[in-house]
Amino acid sequence: MAEKVAVEKKVLSENDKLAAEIRAQLKKHAVASLNFVSSPGSGKTSLLEKTLEALRNELKIALIAGDVQTENDANRLTRAGGTLVRPLVTGGACHLDARMIARVLPEFELAGLDVLFLENVGNLVCPSSYDLGEDMKVVLISTTEGDDKPLKYPGMFRRSSVMVINKIDLLEFTDFDMEAVKRNALQINGRLKIFELSCRTGEGLQAWFDWLRDFVKTQKNS
Ligand code: MG
Ligand code: ZN
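Description of the structure in this document. A quick note: this is a predicted structure, and the numbers were derived from the prediction, not measured.

**Quick look at the coordination of the zinc ion (ligand 2)**
Phase 1 of the analysis: For the zinc ion (ligand 2), the full set of protein donor atoms is Cys-94 (SG), His-95 (ND1) and Cys-126 (SG), at a range of 2.0 to 2.2 Å.
Phase 2 of the analysis: Written as a sequence motif, the donor residues of the zinc ion (ligand 2) are C-H-x30-C. Residue His-95 is located in the loop between β3 (85-89) and α4 (98-104), and its partner Cys-126 is located in the loop between β4 (115-119) and β5 (136-142); the two are separated by 31 residues in the primary sequence. There is no split in this pair, since His-95 and Cys-126 are both buried.

Next up, the structure:
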């Protein structure tokens, strides 16, 4: 057991070192970067699709779409107008790590890029331990899940800066308690910025786009 812990520690510290190099590289070129994490089916790909459609004419966006076995999400995102979408099939791994990102990153021309989106593998556990060199993590939760998820997976909510609550159009058909999920999340991390939206109907998306545009601008000037 002690040996297993030691190996994990070594893997994570190597990951952190590589993530720091990625972060420095992105900073040098003033590229903002966001790491999207959630359970499978919360709507990461849908949110990224809508975001690419809305902002592709004003921001130069690149995206690395992680998937366990297929390139389906990357294909969807390419259709949404992301010209710089790279699929990253993990071949079974349940999270992205910095080494995977470092391998794909040279395919992008970082100069002139405004923002890099990383779509992590659908999993609320280990992606929280792997720094990818991003500015922040965006955690998604949808109204078809349990409103106690922040309490069950505190690590992910603690390490995220933004929480997006998706599928608010389905709220009336579920027992999901909007006030409870926010209370639970803020109890774990009082600084979480929260958005409530529906990728399907478009409700609430504008506030997300506005915030994102401002965030990218702030990163550029910092
Ligand atoms: Mg996806
Ligand atoms: Zn994993």
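**Some remarks on the coordination of the magnesium ion (ligand 1)**
Phase 1 of the analysis: Taken together, Thr-45 (OG1), Asp-73 (OD) and Glu-119 (OE) make up the protein donors of the magnesium ion (ligand 1), found 2.0 to 2.1 Å from the metal.
Phase 2 of the analysis: Read from N- to C-terminus, the donor residues coordinating the magnesium ion (ligand 1) fall into the pattern T-x27-D-x45-E. With Asp-73 in helix α3 (residues 72-79) and Glu-119 in strand β4, this pair connects stretches of sequence that are 46 residues apart.
Phase 3 of the analysis: Residue Asp-73 is classed as buried on the basis of its relative accessible area of 17%.

**Looking at the pattern of salt bridges**
Side chains that differ in sign of charge can pair as their charged atoms come close.
Phase 1 of the analysis: Enumeration according to the criterion identifies 15 salt bridges in this entry.
Phase 2 of the analysis: Notably, a salt bridge pairs Arg-200 with Asp-169, separated by 2.8 Å at the nearest N-O pair. Within this pair, whereas Arg-200 is found in the loop between β7 (193-196) and α8 (205-221), its partner Asp-169 is found in the loop between β6 (162-166) and α7 (178-188), the two being separated by 31 residues in sequence.
Phase 3 of the analysis: Among the residues examined, Arg-200 registers a relative accessible area of 68% and is labelled exposed.
Phase 4 of the analysis: In this structure Asp-169 comes out as buried when scored by relative accessible area, which is 15%.

**Points about the sheet that holds strand β1 (residues 32-37)**
Phase 1 of the analysis: Read from one edge to the other, the open sheet built from seven strands follows the order β3-β2-β4-β1-β5-β6-β7, with strand pairing classed as parallel. The open sheet is flanked by β3 and β7, the only strands paired with a single partner. Between one strand axis and the next, the sheet turns through 20 degrees on average, direction left out of account.
Phase 2 of the analysis: Two strands pair when backbone bridges link them, and strand β2 (residues 61-67) and β4 are joined in this way by five bridges, in the parallel orientation. The partner of Ala-65 across the bridge, within β4, is Glu-119.
Phase 3 of the analysis: The strands touched by α7 are β5, β6 and β7; relative to β6, the strand with the most contacts, the crossing angle is about 160 degrees.
Phase 4 of the analysis: Across the sheet, α8 touches β1, β4, β5, β6 and β7, and the angle it forms with β1 is around 140 degrees.

**What about the packing of aromatic side chains?**
Phase 1 of the analysis: As enumerated under the stated definition, the model contains six aromatic pairs in all.
Phase 2 of the analysis: When the centroid spacing of 5.4 Å and the interplanar angle of 10 degrees are considered together, the rings of Trp-211 and Phe-215 count as stacked. With a gap of four residues between them, Trp-211 and Phe-215 both fall in helix α8, about one helical turn apart.
Phase 3 of the analysis: Take Trp-211: its relative accessible area is 18%, and that puts it in the buried class.
Phase 4 of the analysis: Three or more aromatic residues joined by ring pairs form one cluster here, namely Phe-36, Phe-117, Phe-195, Trp-208, Trp-211 and Phe-215.

**Notes on the side chain of Ser-33**
Phase 1 of the analysis: One can find Ser-33 in strand β1.
Phase 2 of the analysis: Those residues in contact with Ser-33 that sit more than four places away from it in its chain are Leu-26, Leu-116, Gly-133, Glu-134, Asp-135 and Met-136.

**Concerning helix α1 (residues 2-28)**
Phase 1 of the analysis: Taking 1.5 Å as the rise per residue, α1 with 27 residues should run 39 Å; its terminal C-alpha atoms sit 39 Å apart, in good agreement.
Phase 2 of the analysis: Taken together, the buried positions of α1 are Asn-15, Ala-19, Ile-22 and Leu-26.
Phase 3 of the analysis: Tucked inside the fold, the buried residues of α1 contact β1, α4 and β4.
Phase 4 of the analysis: In the segment just after α1, Ala-30 is the residue with positive phi, at about 55 degrees.

Definitions and cut-offs
Residues numbered from 1 in each chain as written. Chains lettered and ligands numbered in written order. Predicted model: local features only at pLDDT ≥ 70, side-chain atom pairs only at ≥ 80, totals over all residues. Heavy atoms only, no water. Donors = N, O, S within 2.8 Å, 3.2 Å for Na, K, Ca; no water. Helix = DSSP H or I, 4+ residues; strand = E, 2+ residues; numbered from the N terminus. Buried < 20%, exposed > 50% of the residue type's maximum accessible area, 1.4 Å probe, protein only. Salt bridge = Lys/Arg side-chain N within 4 Å of Asp/Glu carboxyl O. Pairing = 2+ DSSP bridges. Axes fitted to C-alpha atoms, helices over the stretch in contact; angles between N-to-C directions. Contact = heavy atoms within 4.5 Å. Phe/Tyr/Trp six-rings, centres within 6.5 Å; stacked < 30°, edge-to-face > 60°. Expected span 1.5 Å × (residues − 1).

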